[in-house]
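The chain contents come next:
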Amino acid sequence: MGLHSSITGEGKAFVFLHGFLGMGDNWKTMANQFAEAGYEVHLVDQRNHGRSFHSDVFNYDVLAADLKEYCDAHELSDIILLGHSMGGKTAMFFAMQYPELIDKLIIADIGPKYYAPHHQEILEGLQALAQNKEARSSRGAADDFLSTRIKDWGTRQFLLKNLYWQKDKTLALRVNLPVLIDKVESIGEALPTQTVYDGPVLFLNGLKSDYIKPEDSHLIQAHFPQAKIVGIKDAGHWLHAENPEDFYKEVLQFLQNA
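Definitions and limits used
Residues numbered from 1 in each chain as written. Predicted model: local features only at pLDDT ≥ 70, side-chain atom pairs only at ≥ 80, totals over all residues. Heavy atoms only, no water. Helix = DSSP H or I, 4+ residues; strand = E, 2+ residues; numbered from the N terminus. Rg over C-alpha atoms; globule rule 2.2 N^0.38 Å. Buried < 20%, exposed > 50% of the residue type's maximum accessible area, 1.4 Å probe, protein only. Pairing = 2+ DSSP bridges. Axes fitted to C-alpha atoms, helices over the stretch in contact; angles between N-to-C directions. Contact = heavy atoms within 4.5 Å. Core = buried A, V, L, I, M, F, W, Y, C linked by side-chain atoms within 4.5 Å. Phe/Tyr/Trp six-rings, centres within 6.5 Å; stacked < 30°, edge-to-face > 60°. Polar contact = N/O pair within 3.5 Å; in protein donor to acceptor, adjacent residues only side chain to side chain. Salt bridge = Lys/Arg side-chain N within 4 Å of Asp/Glu carboxyl O.

A.B. asks: Give a description of the overall build of the protein that names residues and reports values.
C.D. replies: From N to C terminus, the protein includes 11 helices and nine strands. Over its C-alpha trace the protein gives a radius of gyration of 18 Å, about what one expects of a compact globule, namely 18 Å for 258 residues. When its C-alpha atoms are laid out on the principal axes, the protein stretches across 50 × 40 × 35 Å. Looking at the protein as a whole, 55% of its 258 residues qualify as buried.

A.B. asks: Summarise the sheet that holds strand E1 (residues 5-8); cite the residues concerned and give the values.
C.D. replies: Spatial ordering of the open sheet is given by E1-E3-E2-E4-E5-E8-E9, a layout of seven strands whose pairing is mixed. Here the strands that pair on one side only, and so sit at the sheet edges, are E1 and strand E9 (227-232). The mean inter-strand angle of the sheet, taken between neighbouring strand axes irrespective of direction, is 15°. Where strand E2 (residues 12-17) meets strand E4 (residues 79-84), four bridges bridge the pair, whose relative direction is parallel. Bridge pairing in E4 places Phe 14 opposite Ile 80. Packing of helix H1 (residues 28-36) onto the sheet brings it into contact with E1, E2 and strand E3 (39-44), and relative to E3 it is tilted by some 160°.

A.B. asks: Would you mind going over the side chain of His 84 in detail, with residue names and values included?
C.D. replies: With respect to the secondary-structure elements, His 84 resides in strand E4. Residue classification places His 84 among the buried residues on the basis of a relative accessible area of 4%. Once residues within four sequence positions are removed from consideration, His 84 is found in contact with Leu 17, His 18, Gly 19, Trp 27, Ala 108, His 237, Trp 238, Leu 239 and His 240.

A.B. asks: Help me get a handle on the nonpolar core, residues and values and all.
C.D. replies: Ranked by internal contacts, the top residues of the largest apolar core, which has 63 residues, are Leu 21, Ile 79, Leu 81, Phe 94, Leu 105, Phe 203 and Phe 224. It is helix H3 (residues 86-97) that provides the largest number of residues to this core, a total of seven residues. In contact with Leu 21, other than residues within four places in its own chain, are His 49, Ile 122, Leu 123, Leu 126, Phe 158, Leu 159, Asn 162, Val 175 and Leu 180. In this structure, Phe 34, Val 41, Ala 108 and Val 230 belong to the second largest nonpolar core, which totals 26 residues.

A.B. asks: Quick rundown of the packing of aromatic side chains? Include the residues and the values.
C.D. replies: All told, the structure shown has 14 aromatic pairs when counted by the stated rule. In textbook terms, an aromatic cluster arises when at least three aromatic residues are bridged by ring pairs, as seen for Phe 14, Phe 16, Trp 27, Phe 34, Tyr 39, Phe 247 and Tyr 248.

A.B. asks: Describe the environment of Arg 139, with residues and values.
C.D. replies: Secondary-structure assignment places Arg 139 in helix H5 (residues 139-147). The sequence separation of Arg 139 and Gly 50 amounts to 89 residues, and the corresponding C-alpha distance is 17 Å. Side-chain polar atoms of Arg 139 contact the backbone oxygen of Leu 163, separated by 3.0 Å.

A.B. asks: Provide a residue-level description of the pattern of salt bridges, including the pertinent values.
C.D. replies: With the rule as written, the count across this model stands at nine salt bridges. With its nearest N and O atoms 3.2 Å apart, the salt bridge here joins Lys 12 to Asp 103. Taken together, the residues span a long stretch of sequence, with Lys 12 in strand E2 and Asp 103 in strand E5 (residues 102-108) at a distance of 91 residues. Classification of Lys 12 by relative accessible area gives partly exposed; the value is 27%. With a relative accessible area of 21%, Asp 103 lands in the partly exposed category. Between Lys 68 and Asp 72 there is a salt bridge, with the nearest N and O atoms lying 2.8 Å from each other. Of this pair, Lys 68 and Asp 72 both sit in helix H2 (residues 60-73), four residues apart, which is roughly one turn of the helix.

Have a look at this one:
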C-alpha cells in the first residue's frame, strides 16, 4: 500500500511533495526541467491525494512515515527533498525525524508555524460538486459549477486536475474529500517546539503570498539554523506556477552551491 509516484530522469534522487488537494502531477513541467539538469525526480502523491491510497488517518507524523517507507522501498538515501505548502510541512516533519536521509531540503511557501484552517470555501465547493452528478458530466460543467463558489480561475484549474472519468461516464474526485474535510485542522499543525534540523535548507516564498511573513524568519532560523530565505517576485502561493523561471533558477543555484 505504498505511495504512488512518477519517476523521471537519472542521477541524484530529488523528491517532490505537493500541497493540500494537489498531486505530484502538478509539478510535471518542473520535474522535466530538473530531470534534464541531471536528477532522478520522484513526483509523489501523498496519502488521500492523487493515485495514492485512502486512509482515515491523516496527520504529518503518518505523512512523514509514508515518505520514509517510500524511500526504503525505492532504496533512496541522501535525497534532495522539496515540499510545497502542506508538502513543505511534511518535508519539515520528515527532516526532524529522518535527518540522515536528507542531503538538501527545499520548502516552498510555508513556515513551521501553526496556520488556522483557511480552505473552507474550497472544501465546501468540492463537497457540493461531489454531490451533484450533473455538474460532474464534463470538465466544463464542473468548472461552471465551481465558478459560482470559487471565483479564481487558477485555483479552479488546480482543483479540476483531481477529476477522473468513472465507468458510469461521470467524473469523480481523486482526493479523499470526507477525510480531508474531517482532518483539515491537522493541515495547519506547527512543528513541535525544540525540534532542529541542522542541514542546508532553502525557504522560497512568493512575495505576493502571506504564508511566510518577515517576522517568521526567527522561528524558521530556530528550527533550521542553516536556512536561507529567498523571495520570488511576481508570485503568490503557487510560486512555482506563477514564476517558474525564478523558482527553477533559485533551486538550481541552491543545489549547485550549497
